[in-house]
Amino acid sequence: MSISFRAAVLRTAGSPRPYARSRPLAIETVSLPAPGAGEVLVRIKAASLCHSDLSVVNGDRRWPLPIVPGHEAAGVVTEIGPEVASVAPGDRVALIFLTQCGRCARCVEGQPHLCERGTQANREGRLISGGPHLRAGAEAIHHHMGLSAFAEHALVSEASLVKIPHDLGFVEASLFGCAVMCGAGSALYSAAIRPGESVVVFGLGGVGLAAILGARSAGATRIIAVDSNPEKRPLALALGASDFVAGDGAAAAVRALVPQGVDAALDATGTVEAFEQALDCTRRGGRTVSTSLPEASRAFRFPLSRLVAEARAIRGSYIGSCVPSRDIPAFVGLYRQGRLPVDKLVSRTIGLEDINEAMDALADASVIRQVIAF
Ligand SMILES: [Zn+2]
Ligand SMILES: [Zn+2]
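Residues numbered from 1 in each chain as written. Chains lettered and ligands numbered in written order. Predicted model: local features only at pLDDT ≥ 70, side-chain atom pairs only at ≥ 80, totals over all residues. Heavy atoms only, no water.

Student: Would you mind showing me how to read the overall build of the protein here?
Tutor: A count of helices and strands for the protein gives 13 helices and 18 strands. Taking 21 Å as the expected radius of gyration for a compact globule of 374 residues, we find that the protein reaches 20 Å, a close match to that expectation. Each principal axis of the C-alpha distribution contributes one length, and for the protein these read about 65 × 45 × 40 Å. Evaluated residue by residue, the protein yields a buried proportion of 56% over its 374 residues. Within the protein, contacts between residues at least 6 apart in sequence are counted, and of these 71% link residues at least 24 apart. Here the protein displays about 14,400 Å² of accessible surface, and carbon together with sulfur accounts for 52% of that area. With 37 positive and 35 negative side-chain charges, the protein shows a spacing of 4 Å between the two charge centroids. (Helix = DSSP H or I, 4+ residues; strand = E, 2+ residues; numbered from the N terminus. Rg over C-alpha atoms; globule rule 2.2 N^0.38 Å. Buried < 20%, exposed > 50% of the residue type's maximum accessible area, 1.4 Å probe, protein only. Contact = heavy atoms within 4.5 Å. Areas by Shrake-Rupley, 256 points an atom, 1.4 Å probe, with all protein chains shown as cover. Lys, Arg positive; Asp, Glu negative; His and termini not counted. Charge placed at Lys NZ, Arg CZ, Asp CG, Glu CD.)

Given below as structure tokens:
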């Protein structure tokens, strides 16, 4: 039987700011069919706003329209389709924004963050099992990254969720699928930070702050946080940064602190300019890793001779190079021991109807994570 519920639908990308006035996201009644083979219906309990959602709304990244955005969320399983074995109704789950098919070459070699079938389905705004299944009346609405979590319900592939403990709060749980894996994973896996290393983190949004947490749990002893907003200093230091650098000329300021350059630089700003600064403050033989997704045509410049002669590594980090079914339980364990305090990334909880105003706050970088609590 199909189910009807409220969702935030985007019909036109690139609407003018402020979004509070142009209201690109409309709260509409949409519907979903009962789950098919390998599919799970989830009642969304918390969904947080990530910069990637803003890039859907502002048109920096192109997705098929209309679409229901939202890719960082947690909820409760309400119904399962045939052949679903890993979850049952009543289970709490964190959602993953790239389905791991488990069969493609990348999945088989242990890199499900690069799943080929999941990537193709995401590009086409459907699930790996088919679709799109979302409807507004007779009109098909696309799924965002296999989830479309800015809604009271989501129909997802069984391989787009990970079971979480029954006593984990939904607001915190919502962060694990994107901010925590992308941020902490970029430090632990993509940059492979080792005990005693020096690290710089550019951009203190949810992903950048989670990267500080990851660098700390990896044993980095010097963690320099960089952000243009000096008001982020106290939170950065509270989460484990040893130093804070504000504003322009960050590379020179970092070089003043660590003259030979840092072992690893992590960029989570979303800008090419900051990535070039991050490259500039990495030592010979160091690693520079980015989780940024600026507008697709933006390219960075770096002298090839320096890349070679200084034996540098430059790496893009998608989903923190994580294996979600392994790493979400691991990160939840660290959180419960107080070693990965991801709850400190939550700036405020909001209602679904506040979503356009929340996009303005995100664009102003005046908040870390805003979580829609259903
Ligand atoms: Zn995200
Ligand atoms: Zn795959």
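Text resumes after the structure shown.
Student: I'm lost on the nonpolar core in this one. Help?
Tutor: Proteins that are soluble and globular tend to have nonpolar side chains buried together. Phe150, Ile193, Ile212, Leu266, Ile328, Phe331 and Met359 are the most contacted members of the largest nonpolar core, which totals 96 residues. In this structure, this core is formed jointly by two domains, domain 1 (3-174 + 341-373) and domain 2 (183-317), each of which donates at least three residues. With 14 residues, the next largest nonpolar core counts Val226, Val254, Val262 and Ala274 among its residues. (Core = buried A, V, L, I, M, F, W, Y, C linked by side-chain atoms within 4.5 Å. Domains from an automatic or database assignment.)

Student: Help me understand the coordination of the zinc ion (ligand 2), please; the structure alone is not making it clear to me.
Tutor: Octahedral metal centres with six donors ideally show angles of 90 or 180 degrees, and tetrahedral centres with four donors ideally show 109.5 degrees. Here the zinc ion (ligand 2) is held by Cys101 (SG), Cys104 (SG), Cys107 (SG) and Cys115 (SG), and the distances to it run 2.3 to 2.4 Å. Taken together, the four donor atoms surrounding the zinc ion (ligand 2) define angles of 103 to 119° at the centre, an arrangement classified as tetrahedral. What makes Cys101 buried here is its relative accessible area of 12%. (Donors = N, O, S within 2.8 Å, 3.2 Å for Na, K, Ca; no water. Tetrahedral: all angles 85-135°; square planar, octahedral: opposite > 155°, others 65-115°.)

Student: Please clarify how the coordination of the zinc ion (ligand 1) should be interpreted in this entry.
Tutor: Surrounding the zinc ion (ligand 1) are the protein donor atoms Cys50 (SG), His71 (NE2) and Cys178 (SG), at 2.0 to 2.2 Å. Among the residues examined, His71 registers a relative accessible area of 1% and is labelled buried.

Student: Where do I start with the domain arrangement of the protein in this structure?
Tutor: By a widely used convention, the size of an interface equals the accessible area lost when the partners come together. In terms of domains, the protein is made up of domain 1 (3-174 + 341-373) and domain 2 (183-317). Put simply, the middle of domain 1 and the middle of domain 2, counted by C-alpha atoms, are 28 Å apart. Residue-level contacts link ten residues of domain 1 with 14 residues of domain 2. The junction of domain 1 with domain 2 conceals about 1,000 Å² of combined surface from both sides, 68% of it contributed by carbon and sulfur atoms. Three residues stand out in domain 1 for area buried against domain 2, namely Asp60, Leu345 and Ile368, and they jointly supply 43% of the buried area on that side. Taken together, the connections running from domain 1 to domain 2 amount to zero salt bridges. (Buried area = accessible area lost by both parts, 1.4 Å probe. Salt bridge = Lys/Arg side-chain N within 4 Å of Asp/Glu carboxyl O.)

Student: Just to check I follow, could you spell out the pairing of strand E3 (residues 39-49) for this structure?
Tutor: Counted residue by residue, E3 has nine buried out of eleven residues, so it is predominantly covered. Judged from the five bridges that link them, E3 and strand E9 (residues 153-157) form a sheet pairing that is antiparallel. Bridged to Val42 within E9 is Ala154. As judged from the seven bridges shared by E3 and strand E5 (residues 73-80), these two strands associate in the antiparallel manner. When the bridges of E5 are listed, Arg43 appears paired with Val76. Taken together, the four bridges between E3 and strand E18 (residues 369-373) define a ladder with antiparallel strand orientation. (Pairing = 2+ DSSP bridges.)

Student: Hey, could you run me through the packing of helix H6 (residues 176-190) against helix H12 (residues 324-336) in this one?
Tutor: Working note: a packed helix pair is described by the angle between its axes plus the distance between those axes. One way to put it is that H6 packs onto H12 with a least axis distance of 11 Å and a crossing angle of 90°. Taken together, the axis directions place H6 and H12 in an arrangement best described as roughly perpendicular. Judged by residue contacts, Phe176, Gly177, Val180, Met181, Ala184, Gly185, Leu188 and Tyr189 of H6 engage Pro324, Arg326, Asp327, Ile328, Phe331, Val332 and Tyr335 from H12. Of the residues assigned to the contact of H6 with H12, the class counts are eleven nonpolar, two polar and two charged. (Axes fitted to C-alpha atoms, helices over the stretch in contact; angles between N-to-C directions. Parallel < 35°, antiparallel > 145°, perpendicular 65-115°, else oblique. Nonpolar A, V, L, I, M, F, W, Y, C, P; charged D, E, K, R; others polar.)

Student: Explanation requested: the side chain of Ser321 in the structure shown.
Tutor: Here Ser321 shows up in the loop between strand E16 (313-316) and H12. Within the local environment of Ser321, its side chain forms a polar contact with the side chain of Ser190, the two groups lying 2.7 Å apart. Excluding its chain neighbours within four sequence positions, the residues that come into contact with Ser321 are His113, Tyr189, Ser190 and Arg315. (Polar contact = N/O pair within 3.5 Å; in protein donor to acceptor, adjacent residues only side chain to side chain.)

Student: It is not clear to me how the packing of aromatic side chains should be interpreted in this structure. Could you clarify?
Tutor: To describe a pair of aromatic rings, you give the distance between the ring centres and the angle between the ring planes. For the coordinates displayed, the defined rule picks out three aromatic pairs. With a centroid separation of 5.8 Å and 80° between ring planes, the pair formed by Phe97 and Tyr318 is classed as edge-to-face. A residue pair is termed long-range when its members are at least 10 positions apart, and Phe97 in the loop between strand E6 (92-95) and helix H3 (105-108) and Tyr318 in the loop between E16 and H12 qualify at 221 residues. Residue class for Tyr318 comes out partly exposed when judged on its relative accessible area of 27%. (Phe/Tyr/Trp six-rings, centres within 6.5 Å; stacked < 30°, edge-to-face > 60°.)

Student: What should I look at first to understand the environment of Ala138 in this one?
Tutor: Its place among the elements puts Ala138 in the loop between strand E7 (134-136) and strand E8 (139-143). Expressed as a C-alpha distance, the spacing of Ala138 and Ser31, which sit 107 residues apart in the sequence, is 9.7 Å.

Student: Can you help me understand the pattern of salt bridges in this one?
Tutor: Pairs may arise between side chains of opposite charge once their charged atoms sit close together. For the structure on display, the rule yields 23 salt bridges. Among the ionic pairs, Glu72 bridges to Arg369, the shortest N-O distance being 2.8 Å. Separated by 297 residues along the polypeptide, Glu72 in the loop between strand E4 (67-68) and E5 and Arg369 in strand E18 bring together distant segments of the chain. Relative accessible area serves as the criterion here: at 0%, Glu72 is assigned to the buried category. A salt bridge links Glu197 to Arg194, with the shortest nitrogen-to-oxygen separation between them at 3.2 Å. Taking relative accessible area as the criterion, Arg194 reaches 46% and is therefore assigned partly exposed.

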